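# Observations on chain architecture
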Amino acid sequence: MADEIVDVVIRADGKVEMHVSGVDGMVCVEHTEQLVGLLGGEVETRELTADAYVRTEADVDIDERNRLWH
């Protein structure tokens, strides 16, 4: 398992940049929600890396819960 790393850069103008690595799928967004709130709570832009598009077991579980069975 790769290390999960969150790099936070606070620029001179007060803007914050956050880079997440070592996390597959959209879980990276969930992992950083609290940190985003502590840093001001506003996300102006979000650029996803290729890792965000890797399907994980959590993604499959969410898809199964959201599926409507007829």
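That block above? That's the structure.
Since the model is a prediction, treat every value here as computed from it, not as a measurement. (Residues numbered from 1 in each chain as written. Predicted model: local features only at pLDDT ≥ 70, side-chain atom pairs only at ≥ 80, totals over all residues. Heavy atoms only, no water.)

## Looking at the overall build of the chain
Going by this rule: Secondary structure elements follow DSSP: runs of H or I no shorter than four residues count as helices, runs of E no shorter than two count as strands, and numbering proceeds from the N terminus. Partly exposed describes any residue whose relative accessible area lies between the buried limit of under 20% and the exposed limit of over 50%, with all areas from a 1.4 Å probe on protein chains only and scaled to the type maximum. Any two residues whose heavy atoms approach within 4.5 Å at even a single point are treated as in contact. Surface accessibility follows the Shrake-Rupley procedure with a 1.4 Å probe radius. Residue values consider only the protein chains on display as shielding.
Across its full length, the chain holds two helices and two strands. Starting at the N terminus and ending at the C terminus, the chain contains elements arranged as β-β-α-α. Relative to its full complement of 70 residues, the chain shows a buried share of 14%. Considering only intrachain contacts with a sequence separation of at least 6, the fraction spanning at least 24 residues in the chain is 33%. For the chain, the exposed surface amounts to about 6,000 Å²; the carbon and sulfur share of it is 51%.

## Regarding helix 1 (residues 27-38)
Listed in full, the buried residues belonging to helix 1 are Val27, Cys28, Val29, Thr32 and Val36. Just downstream of helix 1 lies Gly40, where phi reads positive at about 130°.

## Quick notes on the environment of Glu57
Position of Glu57 relative to the elements: it lies in helix 2 (residues 57-66). Sequence separation of Glu57 and Gly25 is 32 residues, and the distance between their C-alpha atoms is 9.2 Å.

## Let's talk about the pattern of salt bridges
Using the following cut-off: When a carboxyl oxygen of Asp or Glu lies within 4 Å of a side-chain nitrogen of Lys or Arg, that pair is called a salt bridge.
As enumerated under the stated definition, the model contains three salt bridges in all. Close ionic contact of Arg11 with Asp13 constitutes a salt bridge, the shortest N to O distance being 2.8 Å. In this structure Arg11 comes out as partly exposed when scored by relative accessible area, which is 36%.

In short, geometric facts, not functional conclusions.
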